[in-house]
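Below, each chain spelled out in residue letters.
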Amino acid sequence: MSPYHHTNQELGEDKTIMDAQSLYNFIMLCLKDDDGISEDAYDAIIEYLISINQPEIVIEINSKSKSANGRRYIND
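Student: So what exactly am I meant to see when it comes to the environment of lysine 32 here?
Tutor: Mapped onto the elements, lysine 32 comes out in the loop between α1 (20–31) and β3 (37–38). According to the relative accessible area criterion, lysine 32 is partly exposed, its value standing at 39%. Here lysine 32 is in contact with Ile74 and Asp76, once residues within four sequence places are set aside.

So, in structure tokens, the structure goes:
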């Protein structure tokens, strides 16, 4: 048995991978927080989304997010 509870190697499952909608929801949740996320974290998210070929999410969060005091956020 795998020491990682999210993986069932016998079935070829890896439950650590998010689908695009779940990833989008998670990013939006982080950005809609009162403090948002740091610019460095935002840049890392954008780079990751580009690397996994998710330009739609990049466009969406770029169009909705604002920047202030080194933080990125989305107003509700």
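Student: I keep staring at the packing of helix α2 (residues 39–51) against helix α3 (residues 55–64) and nothing clicks. Help me out?
Tutor: Relative placement of two packed helices is described by the angle separating their axes and the distance separating the axes. Running from N to C, α2 and α3 point in directions that differ by 155°, and their axes come no closer than 8 Å. Considering the angle they form, α2 stands roughly antiparallel to α3. Residues Tyr42, Ile45, Ile46, Leu49 and Ile50 of α2 touch α3, and the partners they reach there are Ile57, Val58, Ile61 and Asn62. For the contact of α2 with α3, the per-class residue count stands at eight nonpolar, one polar and no charged.

Student: Could you clarify how one ought to interpret the environment of glutamate 60 in this entry?
Tutor: Looking at where glutamate 60 falls in the secondary structure, it is placed in helix α3. When the C-alpha atoms of glutamate 60 and methionine 28 are compared, they prove to be 9.9 Å apart, with 32 residues separating the residues in sequence. Only 2.7 Å separates the side chain of glutamate 60 from the side chain of lysine 64, close enough to count as a polar contact.

Student: Mind showing me how you'd approach unusual backbone geometry here?
Tutor: Outside of glycine, negative phi angles account for most residues, and trans bonds account for most peptide bonds. Despite not being glycine, asparagine 53 has its phi angle at roughly 60°, a positive value. Tracing the backbone through its elements, the reader meets asparagine 53 in the loop between α2 and α3. Look at asparagine 69: it is not a glycine, yet its phi comes out positive at around 55°. In this fold, asparagine 69 is placed in the loop between β4 (66–68) and β5 (71–73). On the basis of relative accessibility, which here comes to 80%, the residue asparagine 69 falls in the exposed class.

Student: Can you walk me through the nonpolar core in this structure?
Tutor: A general trend in soluble globular proteins is that nonpolar side chains are found buried together. The biggest cluster of nonpolar side chains holds 13 residues, and the ones touching the most others in it are Ile27, Leu31, Tyr42, Leu49, Ile57 and Ile61. Those elements giving two or more residues to this core turn out to be α1, α2 and α3. Per-element tally for this core: the top contributor is α1, with five residues. Setting aside its immediate chain neighbours within four residues, tyrosine 42 contacts Leu31, Ile37, Ile61, Asn62, Ser65 and Arg72.

Rules used in this analysis
- Residues numbered from 1 in each chain as written.
- Predicted model: local features only at pLDDT ≥ 70, side-chain atom pairs only at ≥ 80, totals over all residues.
- Heavy atoms only, no water.
- Helix = DSSP H or I, 4+ residues; strand = E, 2+ residues; numbered from the N terminus.
- Buried < 20%, exposed > 50% of the residue type's maximum accessible area, 1.4 Å probe, protein only.
- Contact = heavy atoms within 4.5 Å.
- Axes fitted to C-alpha atoms, helices over the stretch in contact; angles between N-to-C directions.
- Parallel < 35°, antiparallel > 145°, perpendicular 65-115°, else oblique.
- Nonpolar A, V, L, I, M, F, W, Y, C, P; charged D, E, K, R; others polar.
- Polar contact = N/O pair within 3.5 Å; in protein donor to acceptor, adjacent residues only side chain to side chain.
- Core = buried A, V, L, I, M, F, W, Y, C linked by side-chain atoms within 4.5 Å.

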